[in-house]
Amino acid sequence: WALVERARFTSAWVQFVNRETIWAIEQDQLPTTHPIVADAPDTDTAINNFDGITYAKGAMVLGQLVAWVGVDAFTSGLQDYFARNAWSNAELKDFLAALEKASGRPLGNWGQQWLETTGVNTLELDLAVDADRRYTRVDVVQHTDPDQPQLRDQRIAIGLYDVDGEALTRRTAGELDVTGARSPVPTPAGHRGAA
C-alpha cells in the first residue's frame, strides 16, 4: 500500500498477489495450516510460527481489513492504537477496538472469521441476463472447503469492462460487502453484458 501510494512502485500489488497471496493460499490448503492468531509464549514459538500463514496470509488479511473499514478509518484507528499503547503492551482486541472506534464497524466476528480459522474461500458470480444481454441479477456466491466451512465477511470491488482494441476499458465499478453464502451486487443490474 505504501509503495503504491507514496512511491513510484505502482505495480507493487501485482507482485504482492503473485507472490504473497499465492503462497498464503497454497499454505492454507495444506494439513499444516493454522489460524493467523496463535499463542506464542516465547520467542522460539513465535519464530517457528513465522510462515506462509502468519506472514503472507497475515498481510493479505490486513489488506482485507483495510478494505473492510476503509483507508481513512484504518489510518485513524492506527494512530489512536499507537497513541494509546505507546510504551506499553497491547493485544489483538486493543487493535480491533481502535479500528472499530474509527470505522464504526464491529470487528469481533470479522476477527474471528479471518484470524482464528483456517481455509480458503472462493467467490464466483452468479448472473442472469435478459434478451438484450442486460444484467437482471448479479450475485456473489461464496464457497468454502467442506473440511473448513467458514464463510468470511469481505469487501470487494466488481467492475464491468469492455474490449477497446487490444485493451480493457473499465465501464463501471462498485464496492460491496460480501456476507454469507450469497450477496447481491447492485451495480451491474441493468447494464449490458461486459466483454
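Here we take up the layout of surface pockets. Estimated volume of the largest pocket: approximately 1100 Å³. For the largest pocket, the lining is made up of 37 residues, of which Trp13, Phe16, Met60, Gly63 and Gln64 are closest to its centre. Examining the composition of the lining of the largest pocket, we find that nine residues originate from one element, helix 2 (residues 12-27), more than from any other. Residues of the lining of the largest pocket, tallied by class, amount to 22 nonpolar, nine polar and six charged.

Glancing now at the packing of helix 4 (residues 52-69) against helix 5 (residues 71-85). Packing of helix 4 against helix 5 brings their axes to within 6 Å, and their N-to-C directions diverge by 110 degrees. One element, helix 4, and the other, helix 5, form an angle in the roughly perpendicular class. The segment helix 4 lies against helix 5, with Leu62, Leu65, Val66 and Val69 engaging Val71, Ala73 and Phe74. When grouped by side-chain class, the residues that make up the contact of helix 4 with helix 5 number seven nonpolar, no polar and no charged.

Within the fold, tyrosine 161 resides in strand 3 (residues 154-164). For the pair tyrosine 161 and asparagine 85, spaced 76 residues apart in the sequence, the C-alpha separation amounts to 45 Å.

We now examine the pattern of salt bridges. Per the counting criterion, the structure on display carries twelve salt bridges. Across the pair arginine 137 and aspartate 139 runs a salt bridge, and its minimum N-O distance is 3.5 Å. Residue classification places aspartate 139 among the buried residues on the basis of a relative accessible area of 8%. Between arginine 155 and aspartate 177 there is a salt bridge, with the nearest N and O atoms lying 2.8 Å from each other. Of this pair, arginine 155 sits in strand 3 while aspartate 177 sits in strand 4 (residues 167-178), and the two are 22 residues apart along the sequence. Here arginine 155 falls in the partly exposed class, since its relative accessible area comes to 24%. Classification of aspartate 177 by relative accessible area gives partly exposed; the value is 25%.

Soluble globular proteins: nonpolar side chains tend toward being buried together. By size, the foremost hydrophobic cluster in this structure holds 17 residues, and its most contacted members are Leu65, Phe74, Phe95, Leu107 and Trp110. With six residues, helix 4 is the single largest residue contributor to this core. Dropping the residues within four chain positions of it, leucine 107 is found in contact with Leu65, Trp68, Val69, Leu96, Leu99 and Glu100.

So, about the side chain of threonine 117. Tracing the sequence through the fold places threonine 117 in the loop between helix 7 (108-115) and strand 1 (122-129). Only 2.5 Å separates the side chain of threonine 117 from the backbone oxygen of glutamine 113, close enough to count as a polar contact. The contact partners of threonine 117, leaving out residues within four places of it in the chain, are Pro35, Lys57, Gln112, Gln150 and Arg152.

Running from N to C, helix 4 and helix 7 point in directions that differ by 155 degrees, and their axes come no closer than 11 Å. The pairing of helix 4 with helix 7 is recorded here as roughly antiparallel in orientation. Of the two possible hands of crossing, helix 4 and helix 7 adopt the one that is right-handed. Residue-level inspection shows Lys57, Val61, Gln64, Leu65 and Trp68 of helix 4 in contact with helix 7, the latter providing Trp110, Trp114 and Leu115. Grouping the constituent residues of the contact of helix 4 with helix 7 by class yields six nonpolar, one polar and one charged.

Quick notes on the rules
- Residues numbered from 1 in each chain as written.
- Predicted model: local features only at pLDDT ≥ 70, side-chain atom pairs only at ≥ 80, totals over all residues.
- Heavy atoms only, no water.
- 1 Å grid on protein atoms, 1.4 Å probe; cavity = no way out; pocket = protein on both sides within 12 Å on 5 of 7 lines; lining within 4 Å.
- Points joined across faces, edges and corners; volume = space filled by probe spheres on them.
- Helix = DSSP H or I, 4+ residues; strand = E, 2+ residues; numbered from the N terminus.
- Nonpolar A, V, L, I, M, F, W, Y, C, P; charged D, E, K, R; others polar.
- Axes fitted to C-alpha atoms, helices over the stretch in contact; angles between N-to-C directions.
- Parallel < 35°, antiparallel > 145°, perpendicular 65-115°, else oblique.
- Contact = heavy atoms within 4.5 Å.
- Salt bridge = Lys/Arg side-chain N within 4 Å of Asp/Glu carboxyl O.
- Buried < 20%, exposed > 50% of the residue type's maximum accessible area, 1.4 Å probe, protein only.
- Core = buried A, V, L, I, M, F, W, Y, C linked by side-chain atoms within 4.5 Å.
- Polar contact = N/O pair within 3.5 Å; in protein donor to acceptor, adjacent residues only side chain to side chain.
- Left-handed = near helix turned anticlockwise from the far one by under 90°.

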